[in-house]
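Given next are the chains, with one letter for each unit.
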Amino acid sequence: MSKINIEGHSGLHREEYERIVFPRGNYAAVEIAGDYNVIVINAGSRFDGKFVVSGDYNKITIHNDVNFNNGILIGADADASVGVGNHIKCLGKTFITRDPNQYNDHTNYALQINGHYTHWEGSGMNTKVVMQTVASKIAMACVIGKKASDGASLDDSPTQWCILEKTQFMVLYDGSNHGTSKYLLYVNGDAGSDIACGHLITNNWFGSLGEYDASVNTGQDTTAGGGGVIIDGATTRFVENHVQPVYTGGTNLYLNGRRVITLFNQLAHGSSFGADIHGDNNIFAGNLIYWNDGKSTSTKPINIGSGSDRSVIAGNRGGNTSSITDNSTNSSVGNNELGAL
Amino acid sequence: MSEGFNYFSHQSLTPNYISGTKGEYENISAVTTSAACTAVIEASNNIMFTGNMAQVDWSATNEVARKDMTWKTGVTISDLHYFNAEYTTLNLQSGVSAMRPLLFDAAYGSNVNAMGGVDMTNINFTGSGNGTVSTTLGDEVSTKPYTFQGTGYETFMKHAGEMTIQDANPGVQDPAMGDVVDGFGTFHCGKEGYDHMSHSYTNHRFSHSGSYRAISHGGQSPEYVDIRNCTTKMINASRTMSNSNGAPASLLTTNGSYYYLSFLMADDSNHPMFMKIGGDKLMSRNCVIAGYTDAASNHNEPGPSWQNAKSITSGFQFLEMESSVGSVNTNHDGGGLGSIGDDSLIVACSVEVQSGDAAGDAVYIHSNANDNVAYGLNIHSNNTSYGNVLDQPGDGTITGNESTT
């Protein structure tokens, strides 16, 4: 009798063109090294070791109530050509995090996407990628094209053509220390932020949801610097996301890549810029940048740095101040509605 | 090499096998009683329903959280389904016919995933708020949102029957409303006064018992709801819901904030408005209104679909289509897109209104909507005086729009 399903297990999977089912249970580290598998992770499963997908073109469906307690790596730490074309789809409550007791001193990620053509598809706000702050350490909920060994980019061969959608990303205060720097999402490109990466980042939620409450600043206020979302990778689309929380110490959306298109996002901002644009040829339009930290009345919702040439910033609603900062060259900046919300 | 097992053999030999066995699903061929459903849900985890179901979790007290149910191709349901457990995930395979209401009563964190051509009449996400934010890295971190996602326009959220006839007498209401005979709305999230399930009049299922969860306390709207990728349709909006003097909307009816609508299409739908929303911070993106069809003369005059403060409507395609070729006996002449709250945006939308009149404007920025942005709109209409952007407050950025006949 032929076998139709292969039962998933901890450790290395080298199968190809198979259907692998992980029954409900607890697992240690898992690596999917084979290609072209259909993989089902049953409801109620727990992965206490790292879940690594180093094979290519696997389709992984994650059912309800599955926890990844020691992170997920799609690809390899320093090579974007490993683990390409995988599609990970969540169906319900999914939780991806790391054990703070195992943080290194450099860079700690819950979801590390390094393989080309990765399609990460959460289930909506119930797919949560969460990191917790630890004193003197760096925590990032999600990175694309970034090495864990030293936190650097993949240099001249950056990760390209990924889709990241329908997922909630958070970095939370641990109750005693805000840690060093922290990011909800860090998208690396090449060192010059010039090589087209072609990522689509859409329909995500960044930060702990819930309206900002000045009296409850422990869970939402990360005063130690860093920021929300950093996009260094060029030719990336950041569309229809909601950056909800307050990062009072940093910029919520920092755009360093060239030719980045940023459309129709709701962006909250704190004591630094809501959006800080430094790459050339950016398009930033139709965004709502709303102020929800009363610590400063002079912080601009948008800053366009001197390094940005020929960008278009139009049709945005920016809060807090009646003007934005524009030090760029040959940019088209206009038709924005600015001022206190 | 791991030891495998034969999924199909497993299924055929034990069609009603319920246990925590290893495998992809625990298969249930049919459940026809509430007790059987409850037993299945309590005993299993990945549950595959393969037959007709009378009721699922029709229980006031049973709240078994975090279950994952898959309704296999061919599943039908013959009664309203009531879910009261948090983080319930419902996966509907193509070919499922769920032509009765799916009611989630304070079942926060629930997901409905409809894959392919699934037929439904409506989904009711109810509850109050749900914005609990934890400061610890626990299992309950942040909020517990609701999510519905289809796969595209092939996923249908449509009434087969008309809206229930309005009657001011509670005693004559139909407690079965919301099925194939009586329309109920499509995505209905507890807007007080429009909620047949929960309002206080008698003869409604949930008003009889206090043992149901939030639904028994009146129409309460949850926050953080994500609805995407399907076609919606309502029939005969001239008939409004009982006791409310109102009518639900084709895309969404709610009083809550933080709603995310994406890739929805109201196709050939008859509705007074396509969104009826009480809260702020809506994100409506890439939705389509493909026709408002009402050949009868007694239709409710459609009005603008208002968004409130700090909302964004983008990529909206508003098409007023003809009910038949050459006939313009179909109209949204009472208004199209509207903004009634401060600091909102309507950007990069396309509006096509061929039978408009002075009763409404294609895009309406209400006098209460200060500091709005309406930018990059392309409006094609029969008359540019009302087929245009009406800017009542005059203090926003209403520019860069094109209006032609």
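Quantities reported herein were computed from a predicted structural model and do not represent experimental measurements.

Regarding the overall build of chain B
At step 1: Along its length, chain B carries two helices and 35 strands.
At step 2: With 405 residues in all, chain B has 59% of them scored as buried.
At step 3: A sequence separation of at least 24 residues applies to 61% of the contacts in chain B between residues at least 6 apart.

Things to note about the overall build of chain A
At step 1: Along chain A, the regular secondary structure elements total zero helices and 37 strands.
At step 2: By residue count, 62% of the 341 residues in chain A fall in the buried class.

So, the sheet that holds strand β30 (residues 363–365) of chain B
Residue and element names in this part refer to chain B.
At step 1: One open sheet holds the four strands; their spatial order is β24-β27-β30-β33, and the pairing between them is parallel. Edge positions in the sheet fall to β24 (305–307) and β33 (389–391), since each has one partner strand and no second. Strand-to-strand twist across the sheet, computed as the mean angle between neighbouring axes with direction ignored, equals 20°.
At step 2: Two elements, β24 and strand β27 (residues 337–339), share three bridges in a ladder whose sense is parallel.

Quick notes on the sheet that holds strand β9 (residues 102–105) of chain B
All names here are of chain B.
At step 1: Pairing in this open sheet of six strands is parallel, and the strands run β6-β9-β12-β17-β19-β21 from one edge to the other. Of all the strands in the sheet, the pair left with one neighbour each is β6 (81–83) and β21 (275–277). Strand-to-strand twist in this sheet, taken as the mean axis angle between neighbours without regard to direction, amounts to 15°.

Remarks on the environment of H119 of chain A
Residues and elements named next belong to chain A.
At step 1: Residue placement: H119 occurs in strand β15 (residues 119–121).
At step 2: Residue classification places H119 among the partly exposed residues on the basis of 18 C-beta atoms within 10 Å.
At step 3: Measuring from C-alpha to C-alpha, the distance between H119 and V187 comes to 15 Å, with 68 residues separating the pair along the chain.

A look at the pairing of strand β6 (residues 38–41) of chain A
Residues and elements named next belong to chain A.
At step 1: Residues I39 and I41 of β6 are buried on one face, while the alternating residues V38 and V40, pointing to the opposite face, are not.
At step 2: Inspection of the sheet shows strand β3 (residues 19–22) paired to β6 by four bridges, in the parallel sense. Looking across to β6, one finds that F22 is bridged to I41.
At step 3: Bridge count for β6 against strand β9 (residues 59–62) is four bridges, and the pairing is parallel. Bridged to I41 within β9 is I62.

Some words on the nonpolar core
At step 1: Ranked by internal contacts, the top residues of the largest apolar core, which has 175 residues, are M140, A141, C142 and L185 of chain A together with L251 and V363 of chain B.
At step 2: Ranked by residues supplied to this core, first place goes to strand β20 (residues 259–269) of chain B with seven residues.
At step 3: Contact partners of V363 of chain B, with chain neighbours within four places excluded, come to G336, L337, I346, V351, A374, L377, I379, V389 and L390 of chain B.

A few points about unusual backbone geometry
All names here are of chain B.
At step 1: A positive phi angle, near 50°, is found at A106, a position not held by glycine.
At step 2: With respect to the helices, strands and loops of the structure, A106 is situated in the loop between β9 and β10 (111–114).
At step 3: The phi angle at A348 is positive, at roughly 55°, despite the residue not being glycine.
At step 4: Looking at the element boundaries, A348 is found in the loop between β28 (345–347) and β29 (350–353).

Thoughts on the confidence of the model for chain B
Residue and element names in this part refer to chain B.
At step 1: The share of residues in chain B with pLDDT of 70 or more is 66%, and the mean pLDDT across the chain is 77.
At step 2: Segment residues 1–21 is flagged for pLDDT under 50; beyond a separation of four residues in sequence, or across chains, it makes 38 contacts in the model.
At step 3: Here residues 133–141 is modelled with pLDDT under 50, and outside its nearest four sequence neighbours on either side it reaches 22 contacts, counting other chains as well.
At step 4: Both scores are available for the predicted complex, with the pTM at 0.91 and the ipTM at 0.93.

Each value, and the rule that gives it
Residues numbered from 1 in each chain as written. Chains lettered and ligands numbered in written order. Predicted model: local features only at pLDDT ≥ 70, side-chain atom pairs only at ≥ 80, totals over all residues. Helix = DSSP H or I, 4+ residues; strand = E, 2+ residues; numbered from the N terminus. Buried ≥ 20, exposed ≤ 12 C-beta atoms within 10 Å, placed from the backbone. Contact = placed C-beta atoms within 7 Å. Pairing = 2+ DSSP bridges. Axes fitted to C-alpha atoms, helices over the stretch in contact; angles between N-to-C directions. Core = buried A, V, L, I, M, F, W, Y, C linked by C-beta atoms within 7 Å. pLDDT = per-residue confidence, 0-100.

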